[in-house]
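Read off the chains here:
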Amino acid sequence: SGVGFPVDLMLPFATNTGSVKPFVDRLRGATKYLLPPYSNAEQTETNVVTSFASNDGVIVGADSLDVINNYYNGDRRYAASFFRRAPSVFDIVCYTGNGSTQNVNHNLGVAPELMIVKSRSLSDSDWWVYASALTTPQNKYLRLQSTDGESTATGLWGSSLPTSTTFGLGAFSPNSSGATFVAYLFATCAGVSKVGSYTGTGALQTVNCGFTSGARFILIKRTNSTGDWWLYDSARGISSGNDPYLLLNTTGASELGTNYVDTDSTGFKVTAAAPAGLNASGGTYIFLAFA
């Protein structure tokens, strides 16, 4: 309890030790886990998150993954991001690939601007990422488990851009015949969420998300060159002088003592001290932020 709403997606992790950062969602079931940065198929763990509460939060167990509730002499600390499906903000879709082309229905109500797609059944599959900010986005992709910049696969996301009701798939791995998949869809909703992009300057710059009280969750990826998937949140702290971050493409613990991302009432700031993965002069970046 204490989350304040029914949870549809949870991203838990240990903050002071290395760990996986599992994706667990209500649609697939509380005991089903996908574990970036690994390419494994969906796994079943019955004693981590045991169920999603009907009105507030999740029920946790003894935690065999050490990402939410292990004790270890009292020295373990944890954090988690919680998401609820809502029109214009976030949706989850499960589908089966057909090895050809297909349109998959969704309930986002607007065209998704960021999609994270992972096979549930294939034992070695990428975490495919669609981003509307990429050039010719239906032909481009990123991978959540990789530092690679944007890559090209013509028709990967079909022949046209996603719409308010469907997104397309071509005859590629996110649509392998008979394989099952889950897709996490995000979009911009004024004052709530922002999917966007910015160009690095190497100097302090403000990224305006249209918020009034700053961003509480920030995910950033460089697209024109190699770069990690940087995750910041207000639970661990986004403040001038010390901004703990996680890298979703690694199993590392929170990194402390850096001053790369600061708060701003409209969204967030990227500082001059930030490395090339966040603010190289001329570098291009995509981000997902929540108020």
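Residues numbered from 1 in each chain as written. Predicted model: local features only at pLDDT ≥ 70, side-chain atom pairs only at ≥ 80, totals over all residues. Heavy atoms only, no water.

## Regarding the environment of Ser51
Item 1. Along the chain, Ser51 turns up in strand 5 (residues 49–52).
Item 2. Ser51 sits 22 residues away from Gly29 along the chain, and the two C-alpha atoms are 7.7 Å apart.
Item 3. Leave out the neighbours within four places in its chain, and Ser51 touches Ala30, Val58 and Ile59. (Helix = DSSP H or I, 4+ residues; strand = E, 2+ residues; numbered from the N terminus. Contact = heavy atoms within 4.5 Å.)

## Examining the pairing of strand 12 (residues 140–143)
Item 1. Pairing geometry for strand 11 (residues 127–131) and strand 12, over 2 bridges, is antiparallel. Of the residues in strand 12, the one forming a bridge with Trp128 is Arg143.
Item 2. Note: strand 12 against strand 13 (residues 151–152), 2 bridges, orientation antiparallel. Looking at strand 13, one finds that Tyr141 is bridged to Ser151. (Pairing = 2+ DSSP bridges.)

## Details of empty space enclosed by the protein
Item 1. Applying the stated criterion across every chain yields a total of 2 cavities of 30 Å³ or more.
Item 2. By volume, the largest cavity is sized at about 70 Å³.
Item 3. Every residue lining the largest cavity is listed: Leu11, Phe23, Phe83, Ile116, Phe186, Phe217, Leu219, Leu231, Leu248 and Leu288.
Item 4. Split into classes, the residues belonging to the lining of the largest cavity amount to 10 nonpolar, no polar and no charged.
Item 5. Of the volumes computed, that of the second largest cavity is approximately 40 Å³.
Item 6. Residue lining of the second largest cavity: Leu114, Leu219, Ile220, Lys221, Trp229, Ile286, Phe287 and Leu288, and that is the complete set.
Item 7. Elements with a contribution of two residues or more to the lining of the second largest cavity: strand 18 (217–222) and strand 23 (284–290).
Item 8. For the lining of the second largest cavity, a count of residues per class yields 7 nonpolar, no polar and 1 charged. (1 Å grid on protein atoms, 1.4 Å probe; cavity = no way out; pocket = protein on both sides within 12 Å on 5 of 7 lines; lining within 4 Å. Points joined across faces, edges and corners; volume = space filled by probe spheres on them. Nonpolar A, V, L, I, M, F, W, Y, C, P; charged D, E, K, R; others polar.)

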